[in-house]
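Chain residues, written in single-letter form:
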Amino acid sequence: MIAVAGTASACARRGSATPPTNDLLIVGYDREPDTLNRFSTHILEDIQTCVVEGLTTTDERMNVVPLLAADVPTLQNGGVRLRPDGGMDVTWTLRSGVTWHDGHPFTSADVKFTVDAINGPNYNPESTDGFDRISSVDTPDALTAVVHYKEVYAPYDIQFIRGTLPKHVLEGRDIDRAQDYNRSPLGTGPYRVAAWKAGEYILLERVPHYWRGDESPRIRRLMFKFIANTNTRINQLKSGEVHVVALVPWDKQRELAGLTSIVVHRTPGNAYEHVTLNERQFPPFADVRVRRALIHALDRELFTKTILDGLAPVAHGPIQPVSWAYTDRITRYPYDPARARTLLDEAGWTAGPNGIRQRDGRPLAFTLITQAGYAIRENIAQAIEHQLREVGVDVRVELHDGTAISALWFEGRFDAMLHWWQMPADPEITTFFAADRTPPAGRNINYFKDDALTALLYASDRSVDRAARTQLLHRAQVMVSEAVPEIPLYSVTRLDAVPASLQHFKGNPTNTGIFWNVHEWEIK
Amino acid sequence: MLRFLARRLLQAVPLLFVISGLVFLLIHAAPGGPLAIYLSNPNVRPEDIERLRRALGLDRPLWQQYWSWLAAFAGGDWGYSFSDGRPVAARIVERLPATLELVGVSIVVALVLTVPTGIVSAVRRGRWFDRLTTTAAMAGISLPAFWFGLVLQIVFAVGLRWLPSSGRTTLGGGDFVDHVQHLLMPVTVLAVVQASGWSRYLRGSMIETLGQPFVLAARARGTPERDVIVRHALRNAIGPVLAIVMVDAALLVSGAVVTESVFAWPGLGSLFTEALARRDYSVLMALLMLTSTAIVVFNVVADAAHALIDPRVVDV
């Protein structure tokens, strides 16, 4: 300690903190990416968003907007045509004058190459979702790509949101091992990778002639520093060593509130925290009266006011207010422990010794698993344990690490789980609720079975008409709210800390991330 | 001496083989695997998971996976990382300098603290210096490294803004002063924790040795007290401490896991944390084998060093 203080004062004020400028903006990042190839990674990464551009992207209100496409194809503008054989054709018109960073023109051949590579045998992308429904791509001219789908596919408009692969660089190569591309992808975006120091940082630098014009982007360099430890990341923000931290944990928000140099933006998110009720593992959950009793027994308003510090609103279903498909005309369940007790009585669960309800000699007792290391989540789990105990339900909380949790839910080996889904930008909820989408075929880990709902969800997936699809999804939300297959708790609000001097920050509720409009950012 | 070394190293081979099997079983017994991380993405379909499982060879029986890993590893091929597809050896080599820098400096600083502290508190047992260092050592042993590290950060980086709170260099920096500034806090954490333990061992060992008849004899011969302590007592007392220092050093070389994570130090410790969270089996196996080998080798080195100081040891 003494040694530290002594030497430190010797080189004091040399300073490691630099204020954010248009020359350099430093981002504190919670992990080092595996790869910068957007098709190989498990989530859309902020760093890639600055380098590689999709045909479309999602804006701050989760609207799908054109990026490298001239517009978003729809039924109305003729970009989407339904074929009599049940398939559909989507015509993408590309923005003209866009070049890859090496000067090669960006054309429809790159779109076709991307589809062929992902569907081909020589590449192992993370997901082939949607691409597997494409039969072929035609390229009548350099700026037109016609994508032929075998069946109607509603989320077609975000099919190329991750971007495209450059044909002239990757054709004929083993893309999994193409480390030159995977570590420093050739893109069309405002930045390119200047340096990647393993374990330390990735440095992006502005490209000389971005297609939006030479005055954009304004910030010359972006540095993503890898700081896995949350406390360290927040300390760096406070000391001025980093300027931006995306997804600030909620329990850190108050620590940052007093800093004048930092603004913590709140964006209503597209994720919702909920309790999954596994009917297969714990059969009492199959009784809708039990599920309704559980949701009535929880004072969710109190959770959001106290544990969540007012940062997040109570959620009432899987589709969040930020989505165009959202409706609030659904059944809601206010905090009503008396009603919960009545429902449990009706379901045959009567008070037993030591206050735990039982039926046929078996107690109403289950285990609630959740991920360790999230203070808020652990507190919510304890509150649930306490409140359900009040109505005679015995809950035991179990904490696991993230990888273990994934394995447990995938194998259905849990009674109840507290977690959230980051929902796709497209409101496709089939994988979570359709009867035939239990693991491994999907993520219906409530093991909830409702044939009418299942039919409705599949119908909505095969509808590209926005108005018709909205109707179907509104009805699906009503059905989900009546059946309570899971207990929605709160809608996740994104907190992003950025410099107070940063202009044109917009935020983003999806996993496109906050850097989607980085070309507009400017320090003033 | 050479035969002694060769015999000790040869004995280590079957030991490492057994360790590799146990470690392999252990890391595969942890729930989840390299693909578990993909499950949380709703766009990754079951077909995708199956396809990736086959592509990574995770669909084969466990003994087959172990056998092919062992055959390749023995031949010097450490395989590819499950998370980023790059060669494991390359991932380890690029992290090694950072760890050697941090651990090397920390061990030197810890020894500089240990030796005088251990000697003086043994010689002046029960006096104020001994009581002070005993208290300090207890504190050093009891402090959780992550907590100690965070407190240093809050004081010197956030509060006083004297030192960078994490990383190895500043962008555009990297000169000597920059390196020293980044090293100060993590080295303090590691050195204080290690020296606390080591100085206790040295103190105990010195006290025992100082009570031996040969020390009394040396004093009776009129040997100066300084020589009695350094040439007679210390030389005998340092052996057991050296063995402990070497094992600790081996553990540190494979990564000061907690300290590196707190200070985002780009060494093997952070790599281990990442690989563990991702269940990156190939990287985990390589790191754990590296640790085991380092412990074996450092033990042999400690024995050899001990033998040089005290020739009686070779017969053991």
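Residues numbered from 1 in each chain as written. Chains lettered and ligands numbered in written order. Predicted model: local features only at pLDDT ≥ 70, side-chain atom pairs only at ≥ 80, totals over all residues.

Enquirer: Which residues make up the overall build of chain B, and what are the values?
Expert: Tallying secondary structure elements over chain B gives 12 helices and zero strands in all. When its C-alpha atoms are laid out on the principal axes, chain B stretches across 85 × 55 × 35 Å. Within chain B, buried positions represent 42% of all 316 residues. Of the contacts formed within chain B by residues at least 6 apart in sequence, a portion of 71% connects residues at least 24 apart. (Helix = DSSP H or I, 4+ residues; strand = E, 2+ residues; numbered from the N terminus. Buried ≥ 20, exposed ≤ 12 C-beta atoms within 10 Å, placed from the backbone. Contact = placed C-beta atoms within 7 Å.)

Enquirer: Help me get a handle on the overall build of chain A, residues and values and all.
Expert: When helices and strands are counted, chain A shows 15 helices and 21 strands. On C-alpha atoms alone, chain A measures out to a radius of gyration of 25 Å, which is about the 24 Å that the 2.2 N^0.38 rule sets for 524 residues. Taken along the three principal axes of its C-alpha coordinates, chain A extends 80 × 75 × 40 Å. Going through the 524 residues of chain A one by one, you find that 48% of them count as buried. (Rg over C-alpha atoms; globule rule 2.2 N^0.38 Å.)

Enquirer: Can you explain the pairing of strand β6 (residues 134-141) of chain A? Please cite residues and give values.
Expert: Residue and element names in this part refer to chain A. Alignment of β6 against strand β7 (residues 144-149), held across five bridges, turns out to be antiparallel. Its bridge partner being in β7, I134 is matched across the sheet by Y149. As consecutive antiparallel partners, β6 and β7 are separated by two residues. (Pairing = 2+ DSSP bridges.)

Enquirer: Lay out the interface of chain B and chain A with the relevant residues and their values.
Expert: When the parts of a complex come together, some accessible area is lost, and that lost area is often taken as the interface size. The partner chain A presents 53 residues to the 54 residues of chain B that form the contact. Of all elements in the fold, only α2 (46-55), α4 (88-123), α6 (145-159), α7 (176-210), α10 (257-262) and α11 (268-278) of chain B reach the threshold of two or more residues within the side of chain B that touches chain A. No other element matches the six residues that α6(B) contributes to the side of chain B that touches chain A. Each residue belonging to the side of chain B that touches chain A can be placed in one class, and the counts come to 28 nonpolar, 16 polar and 10 charged. (Nonpolar A, V, L, I, M, F, W, Y, C, P; charged D, E, K, R; others polar.)

Enquirer: I'd like to hear about the sheet that holds strand β14 (residues 357-359) of chain A, residue by residue, with values.
Expert: Residues and elements named next belong to chain A. Strand order in the open sheet made by the three strands is β13-β14-β15, with antiparallel pairing throughout. Two strands close off the open sheet at either side, each with one partner strand: β13 (350-351) and β15 (362-363). Summarising the sheet, β13 and β14 pair through two bridges and their orientation is antiparallel. Among the inter-strand pairings, A351 is bridged to a residue of β14, identified as R357.

Enquirer: How would you sum up the pairing of strand β19 (residues 486-499) of chain A? Please name residues and give values.
Expert: Residues and elements named next belong to chain A. Of all 14 residues in β19, 13 are buried, a share of seventy percent or more. In the sheet, strand β12 (residues 262-277) pairs with β19 via 12 bridges, with the strands oriented antiparallel. Paired with R266 across the bridge in β19 is L495.

Enquirer: Can you tell me about unusual backbone geometry, naming the residues and giving the values?
Expert: Of note, the bond from A:S216 into A:P217 is cis; its omega dihedral lies within 30 degrees of zero at 0 degrees. Take A:P217: it is sitting in the loop between β9 (201-206) and β10 (221-226).

Enquirer: Pulling in residues and values, what's your account of the nonpolar core?
Expert: Residues A:V27, A:C50, A:V51, A:L222, A:F224, A:V244 and B:L287 are the most contacted members of the largest nonpolar core, which totals 105 residues. Considering every element that reaches this core, the biggest residue donor is α7(B), with 14 residues. If sequence neighbours within four positions are ignored, A:F224 has contacts with A:V27, A:Y29, A:I47, A:Y201 and A:I202. If you look at the next biggest cluster of nonpolar residues, it comprises 59 residues, including A:L344, A:W421, A:L473 and A:V492. (Core = buried A, V, L, I, M, F, W, Y, C linked by C-beta atoms within 7 Å.)

Enquirer: Tell me about the environment of B:L9, residues and numbers included.
Expert: Mapping B:L9 onto the fold places it in helix α1 (residues 2-29). Taking C-alpha positions, B:L9 is 7.9 Å from B:V296, a pair spaced 287 residues apart along the chain.

Enquirer: Any chance you could break down the sheet that holds β6(A) for me, citing the residues and the numbers?
Expert: Residue and element names in this part refer to chain A. Judged by pairing direction, the sheet is antiparallel, and its four strands sit side by side in the order β4-β5-β7-β6 without closing on themselves. Sheet topology places β4 (80-82) and β6 at the edges, where each strand pairs with a single neighbour. Neighbouring strand axes in the sheet, compared pairwise and without regard to direction, differ in orientation by 20 degrees on average. Against the sheet, helix α3 (residues 108-119) makes contact with β5 (88-93), β6 and β7, and its axis sits at roughly 165 degrees relative to β6, the strand it touches most. (Axes fitted to C-alpha atoms, helices over the stretch in contact; angles between N-to-C directions.)

Enquirer: How would you explain the environment of B:S121 if you had to name every residue and give the values?
Expert: All names here are of chain B. Its place among the elements puts S121 in helix α4. Note on S121: 24 C-beta atoms within 10 Å, which makes it buried. Separated by 85 residues in the primary sequence, S121 and M206 have C-alpha atoms spaced 9.3 Å apart. The residues touching S121, leaving out its near neighbours within four places in the chain, are F129, D130, T133 and R203.

The values are spatial; any link to function lies outside them.
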